[in-house]
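Notes for the structure review
Single-letter residue listing:
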Amino acid sequence: MDLRIFTEPQQGADYGTLLKVALATEELGFDAFFRSDHYLRMGPGDGLPGPTDAWITLAGLARETRRIRLGTLMTAGTFRLPGVLAIQVAQIDQMSGGRIELGLGAGWFEEEHTAYGIPFPKEKFGRLEEQLAIVTGLWETEVGKTFSYEGQHYRLAASPALPKPAQRKIPVLVGGHGATRTPRLAARYADEFNIPFASLEDTERQFGRVRAAAEEAGRPADDLVYSNALVVCVGKDDAEVARRAAAIGRDVEELKANGLAGSPAEVADKLGRYAAVGSSRVYLQVLDLDDLDHLELISAQVAPQLG
């Protein structure tokens, strides 16, 4: 199972903090560093020093890391025009030497749009579908040819579809809990399907829907990677687990029920149960970005148990 580090910088983290976590991610052998794409803190607190932009962050990390994959869970479709996003992501993929992945979602947090003057359209899912078609279409267009698109929300005419990414194909992630349209979108456009903060039962059910949608679309179900995003809180003993839970304002039992919490053996066992229902990759939501010892413990005592 791949273990990836997933951060939520809108809760209060500057670029320097994110760089330290990304470098630790690389040094400790994790597969990737991902971050959310939000501009406003969720829950109580001041959010200082303020938000950082997801793709500016990843551009910096592209030049300061060498091995790990870099990406978003999920870029909000409401924040960026798809043609501009395709340029940004392709450029950063070149800057990284071909290590970028794009998670793209519809956008949902209305308050951050209000706070920063970003339009929050009522119809977001239809826009997301068009964005996926445009971004992937631009990247797939052969050099020397042009790309045009006529949709309800976006229109592109004779785009040169440049620049091209370093990778032949940038992996695209689609995710969520939706029962019908989300699996259909994943089957059509995604290389990976991610379900965030879901129980084992909900994970198995949603993976089944995506697999069925892929087969209905004429695509092998195993053509996609299936992954989870889960909050993590590991400690060498009960006291350390309790300390780490308190640091992020969470209850230990709640974290054990809804995430990956407890001793390294407990967390490895639960990861094994997610693997049994089809997950081959887990994004570990790390909320205390100053606690690099947490990452070291996971690397040293959880990852080796996963085989």
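Heads up: the structure comes first, above all this text.
Definitions and cut-offs
Residues numbered from 1 in each chain as written. Predicted model: local features only at pLDDT ≥ 70, side-chain atom pairs only at ≥ 80, totals over all residues. Heavy atoms only, no water. Phe/Tyr/Trp six-rings, centres within 6.5 Å; stacked < 30°, edge-to-face > 60°. Helix = DSSP H or I, 4+ residues; strand = E, 2+ residues; numbered from the N terminus. Lys NZ or Arg CZ within 6 Å of the ring centre and 35° of its normal. Core = buried A, V, L, I, M, F, W, Y, C linked by side-chain atoms within 4.5 Å. Buried < 20%, exposed > 50% of the residue type's maximum accessible area, 1.4 Å probe, protein only. Contact = heavy atoms within 4.5 Å. Axes fitted to C-alpha atoms, helices over the stretch in contact; angles between N-to-C directions. Parallel < 35°, antiparallel > 145°, perpendicular 65-115°, else oblique. Left-handed = near helix turned anticlockwise from the far one by under 90°. Polar contact = N/O pair within 3.5 Å; in protein donor to acceptor, adjacent residues only side chain to side chain. Expected span 1.5 Å × (residues − 1).

1. Re the packing of aromatic side chains
Applying the stated criterion across every chain yields a total of seven aromatic pairs. A ring pair is formed by Phe193 and Phe207, whose centres lie 6.4 Å apart and whose planes are at 85°; its orientation type is edge-to-face. Linking Phe193 in strand S9 (residues 192-196) with Phe207 in helix H7 (residues 200-216), this pair joins segments that are 14 residues apart in sequence. Each residue in the set Tyr39, Phe79 and Tyr116 is aromatic and connected to the rest through ring pairs, giving one cluster. Across the ring face of Phe120, the terminal group of Lys124 is positioned such that the distance to the ring centre comes to 4.2 Å.

2. Remarks on the nonpolar core
Proteins that are soluble and globular tend to have nonpolar side chains buried together. The biggest cluster of nonpolar side chains holds 74 residues, and the ones touching the most others in it are Trp55, Trp139 and Leu284. The element best represented in this core is helix H5 (residues 125-140), accounting for eight residues. In contact with Trp139, other than residues within four places in its own chain, are Ala86, Val89, Ala90, Leu102, Lys164, Pro165, Ile170 and Val172.

3. A closer look at the packing of helix H1 (residues 15-27) against helix H2 (residues 54-64)
Look at H1 against H2: their axes get within 11 Å of each other, and the N-to-C directions meet at 45°. Judged by the angle between their axes, H1 and H2 are oblique. Of the two possible hands of crossing, H1 and H2 adopt the one that is right-handed. Contacts between H1 and H2 involve Tyr15, Leu18, Leu19, Ala22 and Leu23 on the former and, on the latter, Thr57, Gly60, Leu61 and Glu64.

4. What to know about unusual backbone geometry
What you tend to see is this: most non-glycine residues have negative phi, and most peptide bonds are trans. The linkage connecting Leu73 with the following residue, Met74, adopts the cis geometry, with an omega of -20°. Among the structural elements, Met74 can be located in the loop between strand S3 (69-72) and strand S4 (75-76). The residue Ala161 is not glycine, and still its phi comes out positive at about 55°. Position of Ala161 among the secondary structure elements: in the loop between strand S7 (155-159) and strand S8 (172-175). Of note in the backbone geometry, Phe197 takes a positive phi value of approximately 50° without being a glycine. Within the secondary structure, Phe197 is located in the loop between S9 and H7.

5. Considering the packing of helix H6 (residues 181-189) against H7
The N-to-C vectors of H6 and H7 enclose an angle of 50°; their axes lie 8 Å apart at closest approach. Taken together, the axes of H6 and H7 are oblique relative to one another. For the pair H6 and H7, the crossing hand works out as right-handed. Between H6 and H7, the contacting residues are Thr182, Pro183, Arg184, Ala186 and Ala187 on the first element and Gln206, Arg209, Val210, Ala213 and Ala214 on the second.

6. Quick notes on the side chain of Glu192
Considering the arrangement of structural elements, one finds Glu192 in strand S9. What makes Glu192 buried here is its relative accessible area of 3%. Among the polar contacts made by the side chain of Glu192, one reaches the side chain of Tyr283 at a distance of 2.8 Å. In contact with Glu192, not counting residues within four places along its chain, are Arg4, Glu101, Val172, Leu173, Val174, Val225, Ser227, Arg281 and Tyr283.

7. Here's the deal with H7
Between its terminal C-alpha atoms H7 stretches 24 Å, which fits the 24 Å expected from 17 residues at 1.5 Å a residue. Buried residues belonging to H7 abut H6, S9, strand S10 (225-234) and helix H10 (264-276). Looking at the residues trailing H7, positive phi occurs at Gly218, about 80°.

8. Here's the deal with the environment of Thr52
Turning to its location among the elements, Thr52 is positioned in the loop between strand S2 (32-35) and H2. The buried category is assigned to Thr52, whose relative accessible area is 14%. Each C-alpha atom of the pair Thr52 and Tyr15 lies 7.1 Å from the other, and the pair is 37 residues apart in sequence. At 2.7 Å, the side chain of Thr52 and the side chain of Arg35 are in polar contact.

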